[in-house]
Amino acid sequence: MRFITDKLSVPNALSMYVVLLLTTFLVPDQVIDYSYFPFFLILIFYTGVWYIVLKSIYKNSGEDLFLYDIYYVLGLPGIIYLLSFNINLELWHIESLQIVHLFLLGLLIILRITLYKTKHVNMVRVAVVYLLPLGNFIILNQLFASWYIWNFLSHGYK
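Cut-offs and rules
Residues numbered from 1 in each chain as written. Predicted model: local features only at pLDDT ≥ 70, side-chain atom pairs only at ≥ 80, totals over all residues. Heavy atoms only, no water. Axes fitted to C-alpha atoms, helices over the stretch in contact; angles between N-to-C directions. Helix = DSSP H or I, 4+ residues; strand = E, 2+ residues; numbered from the N terminus. Parallel < 35°, antiparallel > 145°, perpendicular 65-115°, else oblique. Left-handed = near helix turned anticlockwise from the far one by under 90°. Contact = heavy atoms within 4.5 Å. Nonpolar A, V, L, I, M, F, W, Y, C, P; charged D, E, K, R; others polar. 1 Å grid on protein atoms, 1.4 Å probe; cavity = no way out; pocket = protein on both sides within 12 Å on 5 of 7 lines; lining within 4 Å. Points joined across faces, edges and corners; volume = space filled by probe spheres on them. Salt bridge = Lys/Arg side-chain N within 4 Å of Asp/Glu carboxyl O. Buried < 20%, exposed > 50% of the residue type's maximum accessible area, 1.4 Å probe, protein only. Core = buried A, V, L, I, M, F, W, Y, C linked by side-chain atoms within 4.5 Å. Patch = residues over 30% accessible without salt bridge, like charges linked within 9 Å, V, L, I, M, F, W, Y side chains within 5 Å. Areas by Shrake-Rupley, 256 points an atom, 1.4 Å probe, with all protein chains shown as cover.

(A) Structural context of the packing of helix α4 (residues 66–86) against helix α5 (residues 95–114). Close contact between α4 and α5 brings their axes to 10 Å; oriented N to C, the two are set at 160°. Between α4 and α5, the crossing angle belongs to the class labelled roughly antiparallel. In terms of crossing hand, the pair formed by α4 and α5 is left-handed. Residue-level inspection shows F66, D69, I70, V73, L74, P77 and Y81 of α4 in contact with α5, the latter providing Q98, H101, L102, L105, I109, R112 and I113. Looking at the contact of α4 with α5 residue by residue, the class counts come to ten nonpolar, two polar and two charged.

Structure follows, in structure tokens:
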């Protein structure tokens, strides 16, 4: 993967992310009816390309990791929300989980913007580095749970 991330500059990586967002419109609406394996491969593709863009932004950012942190916080949830909207899938079945998730993402973004270039920026960096894998895992888990509910618990009412 190093040969990919070393060649991508930050504008190229962000344009690759825009193309990735546009490809969510190409995913067929019936992907939710497919078996687990194709659905899993589609999610692995989106997560893998998000990770490649993340690594290339990190390698080319140098000392200023502001863009890296913003992309790290909003990149994968942006893809998953757009994908679930395009395939007409309800991502959150418990509204309070969605509110807490979006509130915490917004709070991390606000803290990262307000503490930019201050001496307290490392506190937010620690929160971003250690909390966001859990946040991304939660949103991917919600997508898999929605797929399971759609295919096995809908009792024919789709």
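(B) Just the layout of surface pockets, in detail. Here the largest pocket defines a volume of roughly 280 Å³. Around the largest pocket, the lining comprises 13 residues; the ones closest to its centre are H101, L104, L131, G135 and I138. Those elements that provide at least two residues to the lining of the largest pocket are α5 and α6 (121–152). Here the element with the most residues in the lining of the largest pocket is α5; it accounts for seven residues. Across the lining of the largest pocket, the residue classes tally to eleven nonpolar, two polar and no charged.

(C) Main features of the packing of helix α3 (residues 36–61) against α6. Packing of α3 against α6 leaves a shortest axis separation of 11 Å and a crossing angle of 160°. Between α3 and α6, the crossing angle belongs to the class labelled roughly antiparallel. You can see that α3 and α6 cross each other, and the crossing is right-handed. Here Y36, F39, F40, L43, T47 and W50 of α3 lie close against α6, whose contacting residues are N136, L140, L143, F144 and W147. Partitioned by chemical class, the residues of the contact of α3 with α6 number nine nonpolar, two polar and no charged.

(D) Representation of the pattern of salt bridges. Under the criterion given, the structure shown has two salt bridges. Among the salt bridges present, the one from R112 reaches D69, with a minimum N-O distance of 2.5 Å. Of this pair, R112 sits in helix α5 while D69 is found in helix α4, placing the two residues 43 residues apart along the sequence. This pair shows no difference in class: R112 is buried, exactly as D69 is. What emerges from the salt-bridge pattern is a single network uniting D69, R112 and R125.

(E) Representation of the nonpolar core in the model. Counting residues in each nonpolar core, the largest one holds 39 residues, and the members touching the most others are F39, W50, V53, Y71, I80, L83 and L143. Those elements that place two or more of their residues in this core are α2 (10–23), α3, α4, α5 and α6. Here this core takes nine residues from α4, the largest share from any one element. Every residue in contact with W50, bar those within four places of it in the chain, is listed here: L20, Y71, Y72, G75, L76, I79 and N136.

(F) Structural detail: a nonpolar patch on the surface. Together, Y36, F37, F40, L41 and I44 make up a nonpolar patch on the protein surface, roughly 490 Å² of accessible area in all. One can find F40 in helix α3. Assessed through its relative accessible area of 31%, F40 is described here as partly exposed.

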